[in-house]
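Architecture and fold: a report
Listed below are the residues making up each chain.
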Amino acid sequence: MASRLVPKDEEAASLAFIDHLQTQQTGIAFLVNSKQGGSPCKEKHVVLLSPVGKLEILGCEMGVHEIKLPKMSELPSGAESSVACEVCEGAEEMPEPLRQCTAWLRAYFSEPESTGTLPLPAFHHPLLQRDSFTRQVLWTLLKDVKFGEAVSYKQLADLAGNSRAARAVGGAMRSNPIPIIIPCHRVILSSGDTGSYGGGHLLKEWLLSHEKLQKEKLAPGGGR
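What you are looking at is a predicted structure, and each value in this text was computed from that prediction instead of being measured.

Here we take up the side chain of Thr 102. With respect to the helices and strands, the residue Thr 102 is situated in helix 2 (residues 96–110). If we ignore the near neighbours within four places in the chain, the residues touching Thr 102 are Val 46, Leu 48, Ile 57, Val 87 and Met 94.

This is the structure we're talking about:
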């Protein structure tokens, strides 16, 4: 479980460090949406048929705008990681960020061990551009809480540099425009209960169980 803490009095420096990491370490780009004064973009959408239903991915040449999760009261029949992920809408003229996003999501469900070698798409959403605690929380979650791990809201607040901001962390999770890739499903209650999730309690439990199972399979001697 992630445990490194960012000192509270270094929030501004931490934001600058985040910007440096984005360009120097992972190549991830957090770009402002055209609604905030940037160049106009032509939004495209792709629908990926996944083991948990249809994921709608919105974006443009500049980056991914949003991933919309399916709402469900029960998982569809055959909701297993072995189910093939296929693009069922919008495959024509797919911008590169959407290609990268769909490739990453397909790997997440089918071959999670390969996600670390795949490029993450650029993110083109104003929430991920503005200097704010929400942005810092989401970036910290992306880079520090790995596949198969889970943290509490308070632990993530500590990691983001403000141990008293557990409630604000909850707000950041609700605002997350790029779920699964920015893994807000890995943030749970201190009691161990899964807590709320934009895609619903059932989907959050499935994602956590999927990661736990796949991590066990990848462990030495796993899957034997």
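Scanning the model with the defined rule gives six salt bridges in all. Among the ionic pairs, Asp 144 bridges to Lys 143, the shortest N-O distance being 3.5 Å. The pair formed by Asp 144 and Lys 143 is uniform in burial state, with each residue classed as buried. We note a salt bridge from Glu 211 to Arg 186, for which the minimum N-O separation is 2.9 Å. Here the residue Glu 211 occupies a position in helix 6 (residues 201–218), and Arg 186 occupies one in the loop between helix 5 (166–175) and strand 8 (187–188), the gap between them amounting to 25 residues.

This part is about the packing of helix 3 (residues 133–144) against helix 5. For the pair helix 3 and helix 5, the least separation of the axes is 9 Å and the interaxial angle reads 75 degrees. Of the possible angle classes, the one that applies to helix 3 and helix 5 is roughly perpendicular. Of helix 5, the residues touching helix 3 (which contributes Phe 133, Thr 134, Val 137, Leu 138 and Leu 141) are Ala 168, Val 169, Ala 172 and Met 173. Its residues placed into classes, the contact of helix 3 with helix 5 shows eight nonpolar, one polar and no charged.

Reading the values: the criteria
Each chain carries its own residue numbering, running from 1 in the direction its sequence is written. In keeping with the predicted nature of the model, local features appear solely for residues at pLDDT of at least 70, side-chain atom pairs appear and are counted solely at 80 or more, and the whole-chain, interface and lining totals rest on all residues. Hydrogens and water molecules were not included; the side-chain quantities draw on all heavy atoms of the structure. Elements are defined by DSSP. Helices are runs of H or I of four residues or more, strands are runs of E of two residues or more, and each kind is numbered from the N terminus. Pairs of residues are marked as contacts when any of their non-hydrogen atoms sit within 4.5 Å. Each salt bridge in this description consists of a side-chain nitrogen of Lys or Arg and a carboxyl oxygen of Asp or Glu lying within 4 Å of one another. The classification of residues rests on relative accessible area computed with a 1.4 Å probe and restricted to protein chains. Under 20% of the type maximum is buried, over 50% is exposed, and intermediate values are partly exposed. Axis lines are fitted through C-alpha atoms, for helices just across the contact stretch, and the angle between N-to-C directions can take any value from 0 to 180 degrees. An angle below 35 degrees is read as roughly parallel, one above 145 as roughly antiparallel, one from 65 to 115 as roughly perpendicular, and any other as oblique. Residues were grouped as follows: Ala, Val, Leu, Ile, Met, Phe, Trp, Tyr, Cys and Pro as nonpolar; Asp, Glu, Lys and Arg as charged; and all remaining residues, including Gly, as polar.

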